[in-house]
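Listed here are the chains, written in short residue letters.
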Amino acid sequence: MLLLPEPVRRLAAWCVVLLLVAGVGWIGVRLCGELRTAVTAVLLALLGTALLAPLHRRLVRAGVRRSVSAGLTCVAVVAVVGGAVYIVVAALVDSGDEIIASLRDAGKSLSWHFGAAGTGLDDIAANSRELLRKFGGTAASNVISGVSVVGEGIAIAVLALVLVFFFLRDSHLVLGTLRAVAPGGTADTLEAVARRAYEAVEGFMRGTTLIALIDALCTTVGLLILRVPGALGLGALVFVGAYIPYLGAFLSGAVAVLVALADRGFVIALWTLGVVLAVQLLEGHVLQPVIQSRTVQMHPAVVMVTITAGASVAGILGMLLAVPLTAAAFGVVQELRTRYASSPPGPEPPGPADTPAPERS
């Protein structure tokens, strides 16, 4: 090894470092997979804390005790999430029969215009209840597995909510704990890195929530004007989908267009598509640059690769967590680059011109 040229030795050292990092990362992923319930709850709690921290701080500044403020904040988030779920479910239940009937009408119209292709769609719509009944029977055979999944989801939600309460209440103690466990003289660096990562996640969550609210309001107003059934539920779906960049907007918009096509016909479906595209243009060219201009900016290609990787690791939950965690990683990298790139260089040895001339006797 010592006989190799210097560039080759450096390349070999970098390869060893990369292998070590990859090995540690692989072990970390496996551990997260084994402890996915606890890890998922902690990550969701961190995202919830980053989103709810401004409200908690305002209550504390208003004179409310930290425990009471954290409890009120958790109650507020439960009310908001529960209300959103109720709106979506109620809208889908209320408009389910109407959507099925509209699909049958659309299938008959297509069969009259296009023959066999439309007849197939008509058959699917006419037999939709039978298909749902068969699907329900298949799902009933796996009820034990379904109960296990539901139980795990409830456990994750409850644990995340409890962790959000403790994270909010004891957030003022975090920096002191980090400085206490920091090795050597790395306390300042560790504190700065933690602050930058948390600020990136908090800024991303706050900006995304505001953008999601504006998108949902604009979409709901447009669907109400077009008299599309289930406009409130579709607007709530747009709000939830906004937390998954690109893919969430595509899926929620596609659902809105299909519902409009089934109930109101081809022309109203085109108008609905126009509303969805207008909202996305507003988000991409106005809301994103203005609202999230101070948060971590990532290239769209990086976001798409991150979402794909998150989906392959943890499904929909991975898609939800991938972007904010990547934003935190970008914040850490930027902080380290800023701190070490701006460190003052060491003293340079004096050159011939800087050497003082000997004094004459």
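Quick note: structure is the one above.
What this report covers is the structure whose coordinates are included nearby.

### Regarding the overall build of the chain
Piece 1. Helices and strands together make up the secondary structure of the chain, namely twelve helices and zero strands.
Piece 2. Buried positions account for 29% of the 361 residues belonging to the chain.
Piece 3. Counting only contacts in the chain whose residues sit at least 6 apart along the sequence, the fraction spanning at least 24 positions is 70%.
Piece 4. As displayed, the chain offers around 23100 Å² of accessible surface, 72% of which is attributable to carbon and sulfur atoms.

### Brief notes about the pattern of salt bridges
Piece 1. Overall, the coordinates contain four salt bridges when judged by the stated rule.
Piece 2. Between Arg-169 and Asp-170 there is a salt bridge, with its nearest N and O atoms 3.1 Å apart.
Piece 3. We note a salt bridge from Arg-206 to Glu-202, for which the minimum N-O separation is 3.5 Å. You can see Arg-206 and its partner Glu-202 sitting in helix H8 (residues 187-225), four residues apart, about one turn around the helix.
Piece 4. The exposure class assigned to Arg-206 is partly exposed, which follows from its relative accessible area of 44%.

### Examining the side chain of Thr-189
Piece 1. Looking at where Thr-189 falls in the secondary structure, it is placed in helix H8.
Piece 2. Beyond its immediate sequence surroundings of up to four residues, Thr-189 is in contact with Leu-336, Arg-339 and Tyr-340.

### Regarding the nonpolar core
Piece 1. Of all hydrophobic cores here, the largest spans 16 residues; its most connected members are Leu-47, Val-201, Met-205, Met-298, Val-303, Ile-307 and Val-323.
Piece 2. Listed by contribution, the elements that provide at least two residues to this core are helix H2 (36-61), H8 and helix H12 (300-341).
Piece 3. If you tally residues by element for this core, the top one is H12, at seven residues.
Piece 4. Those residues in contact with Ile-307 that sit more than four places away from it in its chain are Pro-245, Met-319, Ala-322 and Val-323.
Piece 5. Residues Leu-234, Ala-256, Val-257 and Val-275 belong to the second largest nonpolar core, which totals 13 residues.

### As for the packing of aromatic side chains
Two measures describe an aromatic ring pair: the distance that separates the ring centres and the angle between the ring planes.
Piece 1. Evaluation of the coordinates by the stated rule reveals two aromatic pairs.
Piece 2. Measuring from centroid to centroid gives 5.3 Å for Phe-165 and Phe-166, while their planes differ by 75 degrees, and the two rings are edge-to-face.
Piece 3. Judged by relative accessible area, Phe-165 falls into the partly exposed class, the value being 22%.
Piece 4. With a centroid separation of 5.9 Å and 80 degrees between ring planes, the pair formed by Phe-239 and Tyr-243 is classed as edge-to-face.

### Remarks on the environment of Val-276
Piece 1. Considering the arrangement of structural elements, one finds Val-276 in helix H11 (residues 266-291).
Piece 2. Exposure remark for Val-276: the relative accessible area of 11% places this residue in the buried category.
Piece 3. Along the primary structure Val-276 and Gly-222 are separated by 54 residues, whereas in three dimensions their C-alpha atoms are 8.7 Å apart.

### As for unusual backbone geometry
Excluding glycine, a negative phi dihedral is what most residues carry, and trans is how most peptide bonds are arranged.
Piece 1. Residues other than glycine seldom take positive phi values, yet Arg-227 does so here, at roughly 60 degrees.
Piece 2. One can find Arg-227 in the loop between H8 and helix H9 (231-241).

### A look at the packing of helix H7 (residues 174-181) against H8
Piece 1. It is the contact of H7 with H8, at a shortest axis distance of 8 Å, that shows an interaxial angle of 140 degrees. With respect to their mutual orientation, H7 and H8 come out oblique. Pair H7 / H8 crosses with right-handed handedness. Contact with H7, carried on its side by Leu-175, Leu-178 and Arg-179, involves Ala-187, Asp-188, Leu-190, Glu-191, Ala-194 and Arg-195 of H8 and no other residues of that element.

Conventions we followed
Residues numbered from 1 in each chain as written. Predicted model: local features only at pLDDT ≥ 70, side-chain atom pairs only at ≥ 80, totals over all residues. Heavy atoms only, no water. Helix = DSSP H or I, 4+ residues; strand = E, 2+ residues; numbered from the N terminus. Buried < 20%, exposed > 50% of the residue type's maximum accessible area, 1.4 Å probe, protein only. Contact = heavy atoms within 4.5 Å. Areas by Shrake-Rupley, 256 points an atom, 1.4 Å probe, with all protein chains shown as cover. Salt bridge = Lys/Arg side-chain N within 4 Å of Asp/Glu carboxyl O. Core = buried A, V, L, I, M, F, W, Y, C linked by side-chain atoms within 4.5 Å. Phe/Tyr/Trp six-rings, centres within 6.5 Å; stacked < 30°, edge-to-face > 60°. Axes fitted to C-alpha atoms, helices over the stretch in contact; angles between N-to-C directions. Parallel < 35°, antiparallel > 145°, perpendicular 65-115°, else oblique. Left-handed = near helix turned anticlockwise from the far one by under 90°.

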